[in-house]
Amino acid sequence: MHGRPRRPDKPEDAAAAEAKAAKLRDLQTQVLRNHHSRTYTKEALGLSFKLLEINPEAYTAWNYRKLAFQHNLGELSEPEAVKSAIDDELRVVEIALRQNPKSYGAWYHRKWLLNRKLAPVDFKREFGLLDKLLKVDARNFHGWNYRRFLARFMGVPEEEELKYTMDKISDNFSNYSAWHNRSILLSNLLGKQSKGFESKQKIFSEEFELVTQALFTDPSDQSGWFYHLWLLAQTSSPENPQLIASWPSDGAKLSLYLVWETDDEKNAPSSLSSICCYSLKEGIFPIVLYFNEPVKGLSSSSACLNSDLVVGKNIQWRPLSVTDSGHSNCWVTYLEVSNLEYSSLRQFLVEVSITNSDEIVSRSGSNYNCPMHFSFTFELSNADSTAQGSDPIHDLISWDCSESLPSHVNPSCIRFEQLKITSALVHEESNWHLERLSDEIELFRELPDDNSKFAKLTLARLLLACAAIKSRGTSLVERRGYCEEALGLFNDLIHLDPSHKRYYEDERSLVLMDQLTCDTEAFRKYCSVKVLPNLAPLNRVQLCKLSLTRIGFAERLLWVQMLDLGHNNLRSIEGLEALQQLVCLNLSNNQISSFIALEPLTKIISLKVLDLSSNEIGTHPIDTTRYIFPSPFSHKVEACEAFEECRKKNINVEEFWDAILFFKHANLVQLCLKGNAVANKENFRTLVVALNPSLKWLDGACIH
């Protein structure tokens with residue numbers, strides 16, 4: 001491990017290890033027996049000490065000692081006796097730390113003792129212990145965490161602790177923990193506007209100079225590069241969350257095409273269904289707000305809606321996130337339009353006001369402070385009478401990646417004006433931010449080309465930070481230059497550092513998505529209008545054969561209804577949940593390996609057509625992504641009717657649990673799964689049909 005060669009065990013080593021294991025098992029048994037019987041005698045405590053001396057990670061033994069300490073404390077009345085008992089516990093912790101200086105249980109036990117505040121704390125002793133440990137291992141993050149605890153406990157000014165980090169960094173630039181502690185202290189001091197820390201420009205300029213010295217002294221060390229990344233994030237990101245896109249956008253004028261559904265028994269119109277830009281047959285109208293970072297706290301008071309459609313109704317904003325954390329870049333609310341009294345031409349005005357509210361908070365704790373008001377109108381229009389009594393999608397929809405898109409598109413259908421909100425609300429960074437980053441770019445360009453992956457990665461991040469600050473208009477050419485250079489660096493990194501190839505591919509995909517969508521005129525060549533029978537025209541975007549591995553800049557695609565992502569290398573589709581207008585989606589010929597990766601699609605209630613052919617679902621016998629994917633979808637255990645229904649049909653629920661959870665939320669009309677290993681498994685087709693009563697086409701064949 002860590003470059004040390006493995007040597008074969010000697011017979012005497014094996015015998016010693018067996019004896020130690022036997023002793024450890026015996027001690028554990030005795031300590032557990034005392035724990036269960038609540039025996040807190042001196043002899044019993046001695047046994048727990050012996051166990052912790054050998055194995056400081058025996059967490060139950062630490063808990064036992066806490067209970068014993070609290071029990072025996074009641075028998076002590078003299079302050080000296082209490083102090084002696086505390087000193088005994090502290091010595092046990094010190095002995096355990098000699099065995100393992102990174103024992104979570106030992107450090108936690110020490111903080112627990114001090115937090116009891118039963119006797120004066122000998123801070124000289126505590127800091128002395130820390131100095132000894134940090135001399136042995138200057139990067140021991142447990143020790144640094146304990147130092148932060150002590151500093152808060154005794155009220156040490158953060159300015160003094162900042163000087164301490166500087167001393168440690170001066171001793172060794174490679175002290176990652178010191179750099180990390182420095183970032184925490186600076187964030188606190190700048191946030192509180194402490195004396196001498198009022199100007200971020202001054203502080204960050206000095207910090208850039210400091211870390212640059214470290215990087216040029218030892219370019220191969222990671223510590224300085226990580227600190228530089230933190231500085232870059234502080235310099236290039238807005239301090240507060242911002243609304244960067246919405247659907248519909250400000251001033252949009254939309255037509256809502258409706259069709260009558262026929263009740264077969266009564267042979268008469270029974271309800272209205274939306275077709276064009278909205279959920280088919282659900283009769284709801286989504287309003288989407290997209291922020292530059294995940295936020296929480298959107299409610300009817302912080303994001304107000306004013307319209308004839310919402311009078312007397314409780315509007316609820318929902319986060320479109322697959323993590324269930326409460327924070328999300330994208331929030332949505334739905335207006336009901338299915339119950340509107342029909343009119344040949346009726347316009348509705350909808351106004352959205354986002355207040356300067358403390359309710360909307362980012363993950364970092366900053367509040368939304370950019371009040372925003374926008375409005376849009378839509379009119380109700382009747383669809384062609386031939387559509388009456390028929391399902392809006394009744395013909396098989398095929399995808400042809402080689403199909404050339406029309407060179408001229410009617411802009412009234414594509415509605416590119418809906419993209420403008422992403423540029424209208426771009427944060428106006430200070431000139432210093434751009435100048436500082438530009439200086440850093442020139443500095444790193446001067447570094448000798450020694451194939452340092454850290455230098456190339458940092459330069460790529462600097463270029464992309466500058467590209468993000470640049471507005472679209474006059475800076476578009478310069479922005480393209482930044483992106484092109486960053487793409488070249490990521491291509492180099494893929495070959496230079498193959499162990500992190502997937503990360504670089506994902507970053508490259510984000511740059512490609514930015515390039516494709518940042519310029520309206522350039523983006524037009526990927527867009528068209530698809531006309532389907534009995535449907536209003538669908539806005540289509542075709543992004544095929546681009547080697548994309550992930551989706552980015554979804555806020556620029558909120559208006560898309562038909563999206564072709566075939567023949568890429570997509571492993572994740574996170575971000576597509578924001579596309580609440582999406583009706584048809586092609587994900588064929590990608591690298592999606594499980595239904596877990598498709599969870600974002602369960603947030604899109606308008607999705608009717610899905611092509612998943614020629615992916616890798618079911619290919620891997622042991623697919624760990626089904627359990628470690630960053631989503632609660634992978635550990636839902638709710639009992640649902642879908643599981644019971646599948647069991648009745650002799651379907652292996654344990655094998656197909658993720659497919660059941662996915663199709664339980666889907667409402668598809670057309671689905672293609674051929675070319676995936678899972679499609680050939682017994683009873684899988686039965687599962688899909690049973691959970692999708694609206695399904696008409698499966699793998700290109702009509703199922704009815």
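The structure presented is a predicted model; accordingly, all values stated were derived computationally and were not measured.

**Some details on the overall build of the protein**
Point 1. Per the secondary structure count, the protein includes 22 helices and 18 strands.
Point 2. Going through the 704 residues of the protein one by one, you find that 51% of them count as buried.
Point 3. Long-range pairs, those at least 24 residues apart, make up 68% of the contacts in the protein with a sequence separation of at least 6.
Point 4. Carbon and sulfur atoms make up 50% of the accessible area of the protein, which amounts to about 33900 Å² in all.

**Details of the packing of helix α9 (residues 176-191) against helix α11 (residues 222-236)**
Point 1. Contact geometry for α9 and α11: axes closest at 9 Å, N-to-C directions at 20°. When the interaxial angle is binned, α9 and α11 end up roughly parallel. Relative to α11, the crossing made by α9 is right-handed. Where α9 abuts α11, its residues Y176, W179, R182, S183, L186 and S187 lie against S223, G224, F226, Y227 and W230.
Point 2. Of the residues belonging to the contact of α9 with α11, the class tally is six nonpolar, four polar and one charged.

**A word on the pattern of salt bridges**
Point 1. One pass over the structure, following the stated rule, counts 25 salt bridges.
Point 2. Of the charged contacts, one joins E485 and R445 as a salt bridge, the two residues approaching to 2.5 Å between their closest N and O atoms. Taken together, the residues span a long stretch of sequence, with E485 in helix α16 (residues 476-496) and R445 in helix α14 (residues 431-445) at a distance of 40 residues.
Point 3. Among the residues examined, R445 registers a relative accessible area of 37% and is labelled partly exposed.

**Some words on the sheet that holds strand β18 (residues 701-702)**
Point 1. Reading across the sheet, the eight strands line up as β11-β12-β13-β14-β15-β16-β17-β18 and stay open at both edges, with mixed pairing between neighbours. The open sheet terminates on both sides in strands that have one partner only, identified here as β11 (527-530) and β18.
Point 2. As paired elements, strand β16 (residues 670-672) and strand β17 (residues 697-698) share two bridges and run parallel to each other. From the neighbouring strand, Q670 faces β17, where its bridge partner is W697.

**What about the nonpolar core?**
Point 1. If you look at the biggest cluster of nonpolar residues, it comprises 97 residues, and the most contacted ones within it are F378, L587, L601 and F663.
Point 2. When residues are assigned to domains, this core turns out to be shared by domain 2 (243-392) and domain 3 (518-702), each giving three or more.
Point 3. In terms of nonpolar packing, the next biggest core, distinct from the first, is built from 49 residues, W144, L459, L463 and A486 among them.

**Describing the pairing of strand β7 (residues 328-336)**
Point 1. Of all nine residues in β7, seven are buried; the element is thus mostly enclosed.
Point 2. Bridge count for strand β4 (residues 284-296) against β7 is eight bridges, and the pairing is antiparallel. Residue pairing across strands places F285 opposite L335, the latter belonging to β7.
Point 3. For strand β6 (residues 318-319) and β7, the ladder comprises two bridges, and the chain directions are antiparallel.

**Some thoughts on the environment of V295**
Point 1. By secondary structure assignment, the location of V295 is in strand β4.
Point 2. For V295, a relative accessible area of 0% corresponds to the buried category.
Point 3. Expressed as a C-alpha distance, the spacing of V295 and P241, which sit 54 residues apart in the sequence, is 7.4 Å.
Point 4. Beyond its immediate chain neighbours, meaning those up to four positions away, V295 contacts P241, G326, H327, S328, W331, I360, V361 and S362.

**Side note on the packing of aromatic side chains**
Point 1. Inspection of the entire model under this criterion finds 27 aromatic pairs.
Point 2. On the basis of an interplanar angle of 65° and a centroid distance of 6.5 Å, the ring pair of F663 and F684 is categorised as edge-to-face. Here the residue F663 occupies a position in helix α21 (residues 653-665), and F684 occupies one in helix α22 (residues 684-691), the gap between them amounting to 21 residues.
Point 3. According to the relative accessible area criterion, F684 is buried, its value standing at 2%.
Point 4. Across the ring face of F149, the terminal group of K111 is positioned such that the distance to the ring centre comes to 5.9 Å.

**Details of unusual backbone geometry**
Point 1. With an omega dihedral of -5°, the bond running from W247 to P248 counts as a cis peptide bond.
Point 2. Of note, P248 is situated in the loop between β1 (243-247) and β2 (253-263).
Point 3. Backbone geometry places K117, a non-glycine residue, at a positive phi of 55°.
Point 4. If you trace the backbone, K117 turns up in the loop between α5 (104-115) and α6 (123-136).
Point 5. On the accessibility criterion, K117 (63% relative accessible area) is exposed.

**Considering helix α10 (residues 200-217)**
Point 1. Over its 18 residues, α10 runs 26 Å from end to end, which matches the ideal 26 Å to within 8%, given 1.5 Å per residue.
Point 2. Three or more residues of α10 are buried, namely I203, F204, S205, E207, F208, L210, V211, T212, A214 and L215.

**Section: the confidence of the model for the protein**
Point 1. Residues with a pLDDT of 70 or more make up 81% of the protein, whose mean pLDDT is 82.
Point 2. Every residue in residues 259-281 is under pLDDT 50, and counting partners more than four places away or in other chains gives 75 contacts.
Point 3. Here residues 383-390 is modelled with pLDDT under 50, and outside its nearest four sequence neighbours on either side it reaches 11 contacts, counting other chains as well.

**Quick look at the side chain of R147**
Point 1. Mapped onto the elements of the fold, R147 is located in helix α7 (residues 141-154).
Point 2. On the basis of relative accessibility, which here comes to 8%, the residue R147 falls in the buried class.
Point 3. Among all residues touching R147, those that are not within four sequence positions of it are F127, L130, D131, E161 and Y164.

**Structural notes on the environment of K111**
Point 1. Tracing the backbone through its elements, the reader meets K111 in helix α5.
Point 2. Between the alpha carbons of K111 and Y146 there is a distance of 7.7 Å; along the sequence they are 35 residues apart.
Point 3. Apart from residues lying up to four places away in sequence, K111 is in contact with N145, Y146 and F149.

**Looking at the state of the cysteines**
Structurally, a disulfide amounts to a covalent bond that connects the sulfur atoms of two cysteines.
Point 1. Applying the stated criterion to the full structure yields zero disulfides.
Point 2. The closest cysteine sulfur to the non-disulfide-bonded C518 is located on C483, 6.4 Å from its own sulfur.

**What to know about α7**
Point 1. Under the 1.5 Å per step criterion, the end-to-end length of α7 is 20 Å for 14 residues, consistent within 8% with the ideal 20 Å.
Point 2. Within α7, the full set of buried residues consists of H142, G143, W144, Y146, R147, R148, F149, L150 and A151.
Point 3. Where α7 is buried, its residues touch α5, α6, α8 (158-171) and α9.
Point 4. Taking the backbone nitrogen of H142 as reference, a side-chain oxygen 3.0 Å away marks N140 as the first, capping residue of α7.
Point 5. In the segment just after α7, G155 is the residue with positive phi, at about 70°.

Analysis parameters
- Residue numbers here run from 1 along each chain, matching the order of that chain's written sequence.
- Owing to the predicted nature of the model, reporting of local features is limited to residues with pLDDT of at least 70; listing and counting of side-chain atom pairs is limited to 80 or more, with chain, interface and lining totals taken over all residues.
- Only heavy atoms go into the side-chain values, all of them from the structure, while hydrogens and water stay out.
- Labels follow the DSSP assignment, with helices taken as runs of H or I lasting at least four residues and strands as runs of E lasting at least two, numbered in each case from the N terminus.
- Here's how the labels work: a residue is buried when its accessible area is under 20% of the maximum for its type, exposed when over 50%, partly exposed in between, all with a 1.4 Å probe on protein chains only.
- We call two residues contacting when some pair of their heavy atoms lies within 4.5 Å.
- Only the protein chains shown count as cover for residues, and the accessible areas themselves come from Shrake-Rupley with a 1.4 Å probe.
- Working convention: axes come from line fits to C-alpha atoms, limited for helices to the stretch in contact. Angles between N-to-C directions cover 0 to 180 degrees.
- Comment on the angle field: the value is read as roughly parallel under 35 degrees, roughly antiparallel over 145, roughly perpendicular from 65 to 115, and oblique elsewhere.
- In this scheme, a crossing is called left-handed if the near helix is turned counterclockwise away from the far one by less than a right angle; it is called right-handed if the turn is clockwise.
- Any residue that is not Ala, Val, Leu, Ile, Met, Phe, Trp, Tyr, Cys, Pro, Asp, Glu, Lys or Arg is counted as polar, Gly included; the first ten are nonpolar and the last four charged.
- Salt bridge, as used here, is a side-chain nitrogen of Lys or Arg placed within 4 Å of a carboxyl oxygen of Asp or Glu.
- For two strands to be treated as a pair, DSSP must find at least two bridges joining them.
- By convention a nonpolar core is built from buried Ala, Val, Leu, Ile, Met, Phe, Trp, Tyr and Cys residues, the set being connected through side-chain atoms within 4.5 Å.
- Where each domain begins and ends follows an automated or database-derived domain assignment.
- Aromatic pairing here means that ring centres of Phe, Tyr or Trp (its six-membered ring) are within 6.5 Å. Orientation follows from the plane angle: under 30 degrees is stacked, over 60 is edge-to-face, and everything else is tilted.
- Sitting over a ring, as applied to charges here, requires NZ of Lys or CZ of Arg to be within 6 Å of the ring centre and within 35 degrees of the ring normal.
- To estimate the expected span of a helix, count its residues, drop one, and scale the result by 1.5 Å.
- pLDDT runs from 0 to 100 and stands for how confident the predictor is about each residue.
- Note that a disulfide, as used here, is simply two cysteine sulfur atoms within 2.5 Å.
- For this analysis, a polar contact is any N or O atom pair within 3.5 Å, provided that within protein one partner can donate a hydrogen and the other can accept it, and provided that sequence-adjacent residues contribute only side-chain to side-chain pairs.

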